[in-house]
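A closer look at the structure
The chain contents come next:
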Amino acid sequence: MKRLALATIGFFLLLAVLGPWLAPYSASQTFEGVYRLPPLGFDGADARFILGTDDVGRDQVSRLIEGARLSLFAGLAVTLISMSLGVLIGAIAGWSGGWLESVILRLMDTLMALPSILLAIVVVTILGPSLTNAVLAAAVTSIPGVVRVVRAAIAIEKTKSYALSSRLFGAGSLRTVVLDLLPNCMAPILVQLTLGFGDGVLNVAALGFLGLGARPPSAEWGTMLADAKGFVESAPFLVVLPGLCILAVILSVNILGDSLRDRLDPKLRKL
Amino acid sequence: MRALRGVDLEVGEGETLAIVGESGCGKSTLARLLVGLEKPDRGVIETSESIIPMVFQDSLGSLHPRRRVEQILVEPILIREGRWRFTPADRGRAEAIAAKVGITAELLGRFPHELSGGQRQRVNIGRALALDSKILVLDEPVSALDVSIQAQILNLLKELQATQGLSLIFISHDLSVVRFIAQRVAVLYLGRVVESGPAREVLTKAQHPYTETLLQSDPDATDGPPVRVVQGEPPSPLEVLPGCSFAGRCPLVQPICRTEYPAATVRGDRQFSCHVRAQADGTEN
C-alpha cells in the first residue's frame with residue numbers, strides 16, 4: 001500500500017516536472033473537429049488522443065499533465081507558506097506561554113471554527129479569483145492545524161531537561177527554539193507537512209472547481225472538473241479523468257502521511 | 001503555595017553540601033532556584049559565579065537527542081561565544097573535557113541514546129564543567145544508576161573536587177550516597193531546613209526527630225534493630241499550619257510544637273529547629 005502510494009506520488013511528480021517534454025501537445029492547442037473524443041478503446045476514439053479530447057478539442061493527456069504541474073506546485077506552495085508561518089507562530093506560542101499563547105490559540109480556534117472552504121472563499125472573495133489567490137487562501141486555512149501541532153510539540157520539549165540545561169548556560173530564546181526544540185519536534189512537523197500537502201492540493205482543486213481558483217482555460221484539475229461538469233452524461237470521462245487524478249494524489253499523500261506518523265511516533269495518533 | 005521558606009544555606013569552596021529529604025519536600029525546587037531556572041518570590045542567592053551548571057537525574061533527557069557527544073560537551077562554550085555551529089576546531093576542546101570526566105575518544109561521535117547510563121551522566125558532568133565553573137548543583141545525579149555505576153560517578157565527582165576545588169550542592173534522598181560524598185548536610189522537611197551541620201555528626205547523632213526517623217528508616221544504617229518507619233504522610237504544603245511542620249508525625253510532640261515554629265538552635269557549626277531537643281540540649285549544658 002505504502003509502495004503503491006509512493007509510486008503514485010512519484011509518477012505525478014515526474015509528470016509535473018517533466019511535463020513540457022512528456023506532453024504530446026500544448027495544453028491549450030485545439031484541434032478542429034475532434035470534440036469530446038473518448039479515450040482509446042472506446043467507440044470513436046482517435047489514436048492521436050490517448051485519453052480523448054475535451055469540448056473544444058484539446059488533448060486530455062496534455063491537459064492532465066499540465067494539471068499535474070499546476071496542482072502539485074500549488075499544493076507545494078500551500079504547504080510551504082502554511083508551514084513556514086505555522087511553525088513560526090506555533091513556536092512563538094509554545095515557547096512564550098502565558099497570554100501570548102492564549103491569544104494565538106484563541107485566534108487559531110476562531111479560524112478552525114469556520115469550515116475551511118468557507119474561509120478560503122472569503123479570502124478569495126477579498127483577493128479575487130486566481131490560482132495564486134487560491135493558494136494563499138488554502139494556506140490560510142491550513143495554518144491553524146500547523147500552529148497547534150507545533151505549539152504542542154514545543155510546549156512538551158521546552159520542559160525537558162536538555163532544554164532547561166541550554167537555558168542554564170545562558171542560551172537565548174531564539175537559539176533554544178531553533179537549535180534545541182525544533183529539531184526535536186521534526187516528527188510531528190513532518191507528518192503535518194505531508195498531510196498538509198494533500199489538503200493543499202484538494203483545497204486548491206476545490207476552489208478551482210467553484211470558479212474561485214485557477215480560471216479557464218487553465219488546465220488545473222479542479223478547473224478542468226468545473227469545465228466538464230456540463231458533460232457528465234454525454235462525456236463522463238471528461239469528469240472522471242481529472243477526478244481520478246485528484247483522488248489518486250490525495251489518497252497517496254494521506255497514506256504516506258499516516259505511515260510516516262506511525263513510523264516516526266506511534267504516540268502521535270492521539271494528536 | 002510556598003514550596004520553600006526560610007532556607008538559609010552556605011557552601012564553602014571545595015566542599016560538598018548534601019540536601020536530603022523525602023519526596024515533595026522541596027529539594028528539586030531548591031535546586032532550580034539555585035541555578036536560576038526559577039526566581040525566588042523573596043530572598044537572594046549569592047554566588048561568585050554567574051552561571052551555575054546543574055546535573056539532572058534524568059541523564060538521557062538532559063542531553064540533546066540529536067547531537068553527538070562532542071557537540072554536547074562544548075555546547076556551553078558555543079553558547080558563551082555566541083556561535084551556532086560546531087566546527088572541527090571545537091573537537092580538541094571536546095576531547096579535553098571528555099578526558100576530564102573519563103569519556104573515551106571513541107564515544108565522542110555517538111548520540112546520547114547509544115551510551116550507557118553511567119557514560120551519559122559523565123557527559124552531563126563534563127558539559128556542566130565545560131565553563132570551568134567552581135560550583136555545581138547535582139539533582140539526584142546517581143539515583144537512576146546501578147549501584148556499581150553510582151560508585152564510579154561518585155568517585156569521579158570526588159576526584160574532580162580534589163583537583164579543581166569544586167563546590168558541590170548534592171541533592172539526594174539516598175543517605176548512603178550522602179554519607180560517602182558530603183561534608184555538610186542540610187535536612188529539608190516541607191520546604192524548611194530542619195537540621196544542618198557536618199555530615200558525620202548529623203548522620204550519626206541527629207538532633208531533629210525528623211532526621212532521626214530518616215536515619216532509622218535507612219536500612220544501611222541500622223544493623224539489627226527493626227527499621228522504624230515514619231508514621232503517616234507529610235502534611236500538604238498547601239495548608240499552612242502554625243507550629244512545627246513535623247508535629248503531626250513526631251514521636252516527641254509537645255503542645256508547644258503545634259502552636260509555634262521552633263527557632264533555630266545553633267550549636268557550633270550545627271543547627272536544628274526543634275522545641276523538645278532545644279530544651280533537652282539546654283538542660284544538659
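The structure under discussion appears in the preceding block.
This section reports on the structure supplied with the text. (Residues numbered from 1 in each chain as written. Chains lettered and ligands numbered in written order. Predicted model: local features only at pLDDT ≥ 70, side-chain atom pairs only at ≥ 80, totals over all residues. Heavy atoms only, no water.)

Structural notes on a nonpolar patch on the surface
All names here are of chain A. Nonpolar side chains collect at one region of the surface, where Leu-14, Val-17, Leu-18, Trp-21, Leu-22, Phe-73 and Leu-76 lie side by side and expose about 720 Å² of accessible area between them. Going through the elements one at a time, α1 (2-22) and α2 (60-96) are the ones with two or more residues in the nonpolar patch. No other element matches α1, which puts five residues into the nonpolar patch. Within the secondary structure, Leu-18 sits in helix α1. (Patch = residues over 30% accessible without salt bridge, like charges linked within 9 Å, V, L, I, M, F, W, Y side chains within 5 Å. Areas by Shrake-Rupley, 256 points an atom, 1.4 Å probe, with all protein chains shown as cover. Salt bridge = Lys/Arg side-chain N within 4 Å of Asp/Glu carboxyl O. Helix = DSSP H or I, 4+ residues; strand = E, 2+ residues; numbered from the N terminus.)

Some remarks on the nonpolar core
In terms of nonpolar packing, the biggest core is built from 65 residues, with Val-123, Ile-125, Leu-136, Leu-157, Phe-170, Val-185 and Val-187 of chain B touching the most fellow members. At seven residues, helix α2 (residues 69-81) of chain B tops the list of elements feeding residues into this core. Summarising the domain contributions, this core has at least three residues from each of domain 1 (16-184) and domain 2 (194-284) of chain B. When residues no more than four places from it in sequence are discounted, the contact partners of Leu-157 of chain B are Ile-125, Leu-138, Leu-168, Phe-170 and Ile-181 of chain B. By size, the runner-up hydrophobic cluster in this structure holds 25 residues, among which are Ala-16, Phe-197, Leu-225 and Cys-245 of chain A. (Core = buried A, V, L, I, M, F, W, Y, C linked by side-chain atoms within 4.5 Å. Buried < 20%, exposed > 50% of the residue type's maximum accessible area, 1.4 Å probe, protein only. Domains from an automatic or database assignment. Contact = heavy atoms within 4.5 Å.)

Considering the pattern of salt bridges
Enumeration over the complete set of coordinates arrives at 22 salt bridges over all chains. For Glu-81 of chain B, the salt bridge identified is with Arg-93 of chain B, shortest N-O distance 3.4 Å. Of this pair, Glu-81 of chain B sits in helix α2 while Arg-93 of chain B is found in helix α3 (residues 91-100), placing the two residues twelve residues apart along the sequence. A relative accessible area of 38% means that Glu-81 of chain B is categorised as partly exposed. Classification of Arg-93 of chain B by relative accessible area gives partly exposed; the value is 33%. The salt bridge partner of Lys-100 of chain B is Asp-132 of chain B, with a shortest N-O separation of 3.4 Å. With Lys-100 of chain B in helix α3 and Asp-132 of chain B in the loop between α4 (117-128) and β3 (135-139), this pair connects stretches of sequence that are 32 residues apart. Taken together, the shared-partner salt bridges in this structure form one network comprising Arg-175 and Asp-180 of chain A together with Arg-67 and Glu-75 of chain B.

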